[in-house]
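# Descriptive structure summary
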Amino acid sequence: MTTPAPVLAWHDIARTRDPAGLDALLADDCVFRSPAVHTPQEGKAVTTAYLRAAMVVLGPTLRYVDEWYAGGDDGGSAVLEFECEVAGKVVHGVDMMRWGSDGRLTSFTVMVRPMKGLEAVVAAMGAELMKG
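For clarity, every value in this text was computed on a predicted model and none was experimentally measured.

A word on the nonpolar core. Counting 34 residues, the largest nonpolar core has Trp10, Leu58, Phe82, Val86, Leu105 and Phe108 as the members making the most contacts within it. When contributions to this core are tallied by element, the ones reaching two or more residues are α1 (5–16), α2 (22–25), β1 (26–33), α3 (44–57), β4 (75–86), β5 (89–100), β6 (105–113) and α4 (115–131). For this core, the element with the highest residue contribution is α3, accounting for 6 residues. Excluding anything up to four places from it in sequence, Leu105 contacts Pro6, Leu25, Leu26, Ala27, Cys30, Met97, Arg98 and Trp99.

Right, dumping it as structure tokens:
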């Protein structure tokens, strides 16, 4: 399967660490889920804030190592496996994305392991979001 357009757009944003492309990529009602927060974070503005912070925290060493896609005319989904380093801790995780027929992301879920890596991500993300 060819790489879906929303995944290509995300890769470009992640590679350049430029959040400007998020406005066109995210649906207004996009939901962000992360192991760092207990409840789903709803809306484009809050999803943008989390993804912008993640670009700062994970971006410098972020490397996608594999990906899987599914979908049809009414939208699709992808799972992107990544690795990076945060505060000297190795982080291994996946980004799970869903998009509608318009190609805009309706959900973005992040899963991270191991526990020491997750703890480093939570601390760094909290500090970055406080700047914001």
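Across 4 bridges, the pairing between β1 and β6 is parallel. If you follow Leu26 over to β6, its bridge partner there is Leu105. Alignment of β5 against β6, held across 8 bridges, turns out to be antiparallel. Each bridged residue has a counterpart across the sheet, and for Arg98 the counterpart in β6 is Ser107.

The rules we used
Residues numbered from 1 in each chain as written. Predicted model: local features only at pLDDT ≥ 70, side-chain atom pairs only at ≥ 80, totals over all residues. Heavy atoms only, no water. Core = buried A, V, L, I, M, F, W, Y, C linked by side-chain atoms within 4.5 Å. Buried < 20%, exposed > 50% of the residue type's maximum accessible area, 1.4 Å probe, protein only. Helix = DSSP H or I, 4+ residues; strand = E, 2+ residues; numbered from the N terminus. Contact = heavy atoms within 4.5 Å. Pairing = 2+ DSSP bridges.

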